[in-house]
Amino acid sequence: MAGNNVLTLTDDNFDIDVLQADIPVLVDFWAEWCMPCRMIAPTLEELAGEYAGKVKIGRVDTDNNREAAGRFGITAIPTIILFTGGQVARKFVGLTSKKDFKTALDEAV
């Protein structure tokens with residue numbers, strides 16, 4: 001589930017909302033049963049508000065959207081990927097600090 005500023009990404013909308021986006025997109029590949037995924041969600045919500053209009057933030061439920069996860073070799077969750085120009089720019093696996101995300105986002109915008 002995603003908050004007000006976080007996109008819910010699916011196999012159907014991934015290409016349009018991520019790969020064809022005109023601004024960087026930070027994508028969280030997660031699952032409902034994953035405790036670290038739940039822990040990182042509030043950080044992503046905060047970043048979505050802080051970077052509104054400059055970066056999109058979205059979440060892919062890997063249990064229900066296996067095609068999107070499989071295309072990028074997601075084998076562990078949480079995995080968060082920063083896409084710029086439709087390409088993978090950075091990949092974070094596991095719990096990551098807000099500072100590390102901000103550094104990557106600042107470089108991308």
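Data block above holds the structure.
Residues numbered from 1 in each chain as written. Predicted model: local features only at pLDDT ≥ 70, side-chain atom pairs only at ≥ 80, totals over all residues. Heavy atoms only, no water.

Examining the packing of aromatic side chains
The final tally for this structure, using the stated rule, is five aromatic pairs. Judged by centre distance (6.2 Å) and plane angle (40°), the rings of Phe14 and Phe29 are tilted. Of the two residues, Phe14 is situated in helix 1 (residues 14-19) and Phe29 in strand 2 (residues 25-30); the sequence distance between them amounts to 15 residues. Each of the two residues, Phe14 as well as Phe29, counts as buried. Relative to Phe83, the ring of Phe14 has its centre 5.8 Å away and its plane inclined at 80°; by these criteria the two rings are edge-to-face. With Phe14 in helix 1 and Phe83 in strand 4 (residues 79-84), the pair connects residues that are 69 residues apart, well separated along the chain. Of the residues examined, Phe14 reaches a relative accessible area of 0% and is grouped as buried. Since its relative accessible area comes to 1%, Phe83 is described here as buried. A network of ring pairs unites the aromatic residues Phe14, Phe29, Phe72 and Phe83 as a single cluster. Lying across the ring of Trp30, Arg59 places its NZ or CZ 4.2 Å from the centre. (Phe/Tyr/Trp six-rings, centres within 6.5 Å; stacked < 30°, edge-to-face > 60°. Helix = DSSP H or I, 4+ residues; strand = E, 2+ residues; numbered from the N terminus. Buried < 20%, exposed > 50% of the residue type's maximum accessible area, 1.4 Å probe, protein only. Lys NZ or Arg CZ within 6 Å of the ring centre and 35° of its normal.)

Topic: the pairing of strand 4
Counting buried positions along strand 4 yields five of six residues, so the element is predominantly enclosed. Judged from the five bridges that link them, strand 2 and strand 4 form a sheet pairing that is antiparallel. Its bridge partner being in strand 4, Phe29 is matched across the sheet by Thr79. As defined by bridge partners, strand 4 adjoins strand 5 (residues 87-93) across six bridges and the pair is classed as antiparallel. The partner of Thr84 across the bridge, within strand 5, is Gln87. What sits between the antiparallel neighbours strand 4 and strand 5 is a turn of two residues, in which Gly85 has the positive phi angle 60°. (Pairing = 2+ DSSP bridges.)

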